[in-house]
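Remarks on the overall topology
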There are 2 protein chains.
Amino acid sequence: MVVNQALLGANHRLAEQNRGAFRALDMLALNVVSSPGSGKTALLQATLNGLRGRLRCGVIVGDLATDNDAMRLRGTGAPVVQIATGTMCHLEAGMVAQALKKLDVRALDLLLVENVGNLVCPASFDLGEALRVVLLSVTEGEDKPLKYPPIFVSADAVVVTKMDLEAAAGFDREAALRNIRQASPKAELFELSARTGSGIDAWCDYLVTARKKWLELS
Amino acid sequence: MVVNQALLGANHRLAEQNRGAFRALDMLALNVVSSPGSGKTALLQATLNGLRGRLRCGVIVGDLATDNDAMRLRGTGAPVVQIATGTMCHLEAGMVAQALKKLDVRALDLLLVENVGNLVCPASFDLGEALRVVLLSVTEGEDKPLKYPPIFVSADAVVVTKMDLEAAAGFDREAALRNIRQASPKAELFELSARTGSGIDAWCDYLVTARKKWLELS
């Protein structure tokens, strides 16, 4: 990636400030990353519905243009802040800090940050998140974890999405799981379909447990 | 995008040099761009097979890591040069110039450059190509042309891929075509499936005709 080192340094400082804020607020923050069209927004919709009554959730969503995703997510009733990045290919910690001001953060247990659709650049930009979640849809091909190593090696959770299309796409599940385990050795692995709902409960349970563990470590 | 302006300026100069070289060689150059997993390599395989005996083709393929795509493409018998970009999220003109040295360019009519899977950053980096080709697979969602405007506005051709999955993915074709026409006003539009072969002939005919027209303009 073509990145200015000074800018990366500034991002690291702001990411640590975000991390401190999230700790102070007992708010588990997720940085959700994937290719365009892997189903980030659909997963967040299902997550917001699945966690209703269990965790109070807020959303920050980044896109180059349009507020389509924010509109979809507001349908769940959750507070959503849109960041329009223009031509910028990733979110930065400072953008998240600005967006946080528009949320009632003391009333939130979980912050879902939907990054710009991009499997490369977001890898270099820590947002201060507690968990980095990387999505891989079954239609993208089994070799993506090996072809985009920086983002996959940094994943705390890898979510295989659109499992309802597994057969139609000719998805080689064994090969994909092998590649994910190789590229993302520290990641928890989930397989789900936001369309059918399969796997959503296990994913939501994971988030509830992850927040509990994270609070105990604080 | 976080790009160094001096670097962009250097890229523009090298892109013009590539353009001059392509003209001198009567070699039509395509810059093929899409999200990860939209089917760039599958399209190139089908294109290489479809153009056999009509145009002599060479390929330059960029990936962060692995030579999976180059291996797949060499199966067609075409000469293929792999560029490993490491953590870089796009190809640059200078990389293409270096890769060209490894091809017998005087024996080629068409150069297919498969960019890194990324719908954002490659938009800013002219490679000197005659045609920029942007792929959108039916599984990515109909709104992507509106959400990633810089790459779509620069497209000379937009190729909707994986049409065999149209029904399974619940693809809204009308909405997608409307969004493509809005985002990519100058682009030729193709719908195809590399898996079934549907639409590949029309696409290959387009490339043959595009090269003829381009030679006449030289």
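Attention in this report is confined to the structure presented alongside it. Note that this is a predicted model, so its numbers are computed, not measured. Each chain carries its own residue numbering, running from 1 in the direction its sequence is written. Note on labels: chains are lettered from A, ligands numbered from 1, in written order. Residue-level local features of this predicted model are given only where pLDDT is at least 70; pairs of side-chain atoms are given and counted only at 80 or more, and the full residue set underlies all totals for whole chains, interfaces and linings. Just so you know, side-chain values use all the structure's heavy atoms and leave hydrogens and water out.

**A closer look at the nonpolar core**
Filter applied, for reference: Within this scheme, the nonpolar core is defined by two criteria: the residues are buried Ala, Val, Leu, Ile, Met, Phe, Trp, Tyr or Cys, and they are joined through side-chain atoms within 4.5 Å. Residue exposure (1.4 Å probe, protein chains only): buried if accessible area is under 20% of the type maximum, exposed if over 50%, otherwise partly exposed. Here a helix means four or more residues in a row that DSSP labels H or I, a strand means two or more in a row labelled E, and each is numbered from the N terminus. Two residues form a contact once any of their heavy atoms are found within 4.5 Å.
In terms of nonpolar packing, the biggest core is built from 50 residues, with Tyr148(A), Ile151(A), Phe152(A), Tyr148(B), Ile151(B) and Phe152(B) touching the most fellow members. Contributing elements (two or more residues each) for this core: β5 (131-137), α6 (149-153), β6 (157-161) and α8 (173-183) of chain A together with β5 (131-137), α6 (149-153), β6 (157-161) and α8 (173-183) of chain B. Discounting residues that sit within four places of it in the chain, Tyr148(B) has contacts with Pro36(A), Leu64(A), Val116(A), Gly117(A), Leu119(B) and Val120(B).

**So, the pattern of salt bridges**
In a structure, side chains of opposite charge can pair up when their charged atoms sit close to one another. Operational definition: The term salt bridge refers to a side-chain nitrogen of Lys or Arg lying within 4 Å of a carboxyl oxygen of Asp or Glu.
Tallying each qualifying case throughout the model produces 28 salt bridges over all chains. Residue Arg54(A) is joined to Asp205(A) by a salt bridge in which the shortest nitrogen-to-oxygen separation is 2.9 Å. Here Arg54(A), found in the loop between α2 (40-50) and β2 (57-63), pairs with Asp205(A), found in helix α9 (residues 200-217); they are 151 residues apart in sequence, far enough to count as distant. You can call Arg54(A) partly exposed: its relative accessible area is 42%. Overall, the relative accessible area of 36% leaves Asp205(A) in the partly exposed class. For Asp164(B), the salt bridge identified is with Arg195(B), shortest N-O distance 3.2 Å. Taken together, the positions of Asp164(B) in the loop between β6 and α7 (166-169) and Arg195(B) in the loop between β7 (188-191) and α9 (200-217) put the pair 31 residues apart, joining distant regions of the chain. Taking the relative accessible area as the measure of exposure, Arg195(B) reaches 51% and is therefore exposed.

**Observations concerning the sheet that holds strand β1 (residues 28-33) of chain B**
Across a sheet, paired strands are connected by hydrogen bonds in the backbone, their directions being either parallel or antiparallel. Residue and element names in this part refer to chain B. Going by this rule: Should DSSP find at least two bridges between two strands, the strands are taken to pair. Interaxial angles span 0 to 180 degrees and are taken between N-to-C directions of axes, which are lines fitted to C-alpha atoms, for helices over the stretch in contact.
The strand order across the open sheet formed by seven strands is β3-β2-β4-β1-β5-β6-β7, and the pairing between neighbours is parallel. Where the open sheet ends on each side, the last strands, each with one partner, are β3 (80-84) and β7. Strand after strand, the sheet turns through a mean of 20° between neighbouring axes, direction not considered. Bridging between β1 and strand β4 (residues 110-114) involves five bridges; their strand directions are parallel. For asparagine 31, the partnering residue across the bridge sits in β4 and is valine 113. The sheet strands contacting α9 are β1, β4, β5, β6 and β7, and the helix crosses β1 at an angle near 135°.

**Focus on the packing of aromatic side chains**
Residue and element names in this part refer to chain A. The line we're drawing: Any two rings among Phe, Tyr and Trp, with Trp reduced to its six-membered ring, count as a pair given centres within 6.5 Å; such a pair is stacked if its planes are under 30 degrees apart, edge-to-face if over 60, and tilted if neither.
Throughout the structure, instances matching the rule amount to six aromatic pairs over all chains. Judged by centre distance (4.8 Å) and plane angle (50°), the ring pair of phenylalanine 190 and tyrosine 206 falls under tilted. Here tyrosine 206 lies in helix α9 and phenylalanine 190 lies in strand β7 (residues 188-191), a separation of 16 residues in the sequence.

**Digging into the interface of chain B and chain A**
You'll often see interface size given as the accessible area lost when the parts meet. Put simply, the rule is: Simply put, the buried area is the total loss of 1.4 Å probe accessible area from both parts when two parts are fitted together. In protein, a polar contact means a hydrogen-donor-capable atom and an acceptor-capable atom, both N or O and within 3.5 Å, with residues adjacent in sequence counting only if both atoms are side-chain atoms; elsewhere, any N or O pair within 3.5 Å suffices. Classification convention: Asp, Glu, Lys, Arg as charged; Ala, Val, Leu, Ile, Met, Phe, Trp, Tyr, Cys, Pro as nonpolar; all other residues, Gly among them, as polar.
With 40 residues of chain B at the contact, the number on the chain A side is 41 residues. Interface of chain B and chain A: buried area, both sides summed, is about 3,100 Å²; carbon and sulfur atoms make up 60% of it. Counting across the chain B and chain A interface gives four salt bridges. Between Lys147(B) and Asp63(A) there is a salt bridge whose closest N-O contact spans 3.7 Å. At the boundary of chain B and chain A, one finds 13 residue pairs in polar contact (both at pLDDT 80 or more). Ranked by the residues each element gives to the side of chain B that touches chain A, the list is headed by helix α5 (residues 144-147) of chain B, at three residues. Residue composition of the side of chain B that touches chain A, by class: 20 nonpolar, eleven polar and nine charged.

**Details of the relation of the copies chain B and chain A**
Threshold: In this comparison the copies share one frame, found by least squares on the C-alpha atoms of residues holding pLDDT of at least 70 in both.
Under the fitted operation, chain B is carried onto chain A by 0.0 Å of movement along the axis and a turn of 180°, and the coordinates agree to an RMSD of 0.0 Å. Taken together, the turn and the small shift mark the pair as related by a two-fold rotation axis. Same-surface contact between copies: 100% of interface residues of chain B are shared with the interface of chain A.

**As for unusual backbone geometry**
Note: most residues except glycine have negative phi, and most peptide bonds are trans. All names here are of chain B. Positive phi outside glycine occurs at threonine 66, with the angle close to 75°. The backbone phi angle of lysine 162 is positive, close to 60°, even though this residue is not glycine. Turning to its location among the elements, lysine 162 is positioned in the loop between β6 and α7.

**Digging into the packing of helix α1 (residues 5-24) of chain A against helix α4 (residues 93-100) of chain A**
Residues and elements named next belong to chain A. Taken N-terminus to C-terminus, the directions of α1 and α4 make an angle of 35°; their axes are 8 Å apart at the nearest point. Counting all contacts with α1, which are made through Asn11, Leu14, Ala15, Asn18 and Phe22, the residues of α4 involved are Ala93, Gly94, Val96, Ala97 and Leu100. Split into classes, the residues belonging to the contact of α1 with α4 amount to seven nonpolar, three polar and no charged.

**Here's the deal with the packing of helix α2 (residues 40-50) of chain B against α9(B)**
Residue and element names in this part refer to chain B. Inclusion rule: For this classification, under 35 degrees means roughly parallel, over 145 means roughly antiparallel, 65 to 115 means roughly perpendicular, and everything else is oblique. We call a crossing left-handed when the near helix sits turned anticlockwise from the far one by less than a right angle, and right-handed when that turn is clockwise.
It is the contact of α2 with α9, at a shortest axis distance of 10 Å, that shows an interaxial angle of 70°. In terms of their interaxial angle, α2 and α9 are classed as roughly perpendicular. Here the hand of the crossing between α2 and α9 comes out right-handed. Facing Leu43, Ala46, Thr47 and Gly50 of α2, the residues of α9 in contact are Ile200, Trp203, Cys204 and Leu207. Residue composition of the contact of α2 with α9, grouped by class: six nonpolar, two polar and no charged.

**What to know about the environment of Glu174(B)**
Residues and elements named next belong to chain B. Considering the arrangement of structural elements, one finds glutamate 174 in helix α8. Overall, the relative accessible area of 53% leaves glutamate 174 in the exposed class. Along the backbone, glutamate 174 and asparagine 31 are 143 residues apart, and their C-alpha atoms lie at a distance of 26 Å.

**Let's talk about the sheet that holds strand β4 (residues 110-114) of chain A**
Residue and element names in this part refer to chain A. On the basis of which strands lie adjacent, the open sheet formed by seven strands has the order β3-β2-β4-β1-β5-β6-β7 and parallel pairing. Each having just a single partner strand, β3 (80-84) and β7 make up the two edges of the open sheet. Direction aside, neighbouring strands of the sheet carry axes that sit 20° apart on average. As judged from the four bridges shared by strand β1 (residues 28-33) and β5, these two strands associate in the parallel manner. By the bridge assignment for β5, valine 32 is matched with valine 133. Most of the contacts of α4 go to β3, to which it runs at about 140°, and overall it touches β2, β3 and β4. Against the sheet, α8 makes contact with β5, β6 and β7, and its axis sits at roughly 155° relative to β7, the strand it touches most.

Take it as geometry only, folks, not as evidence of what the structure does.
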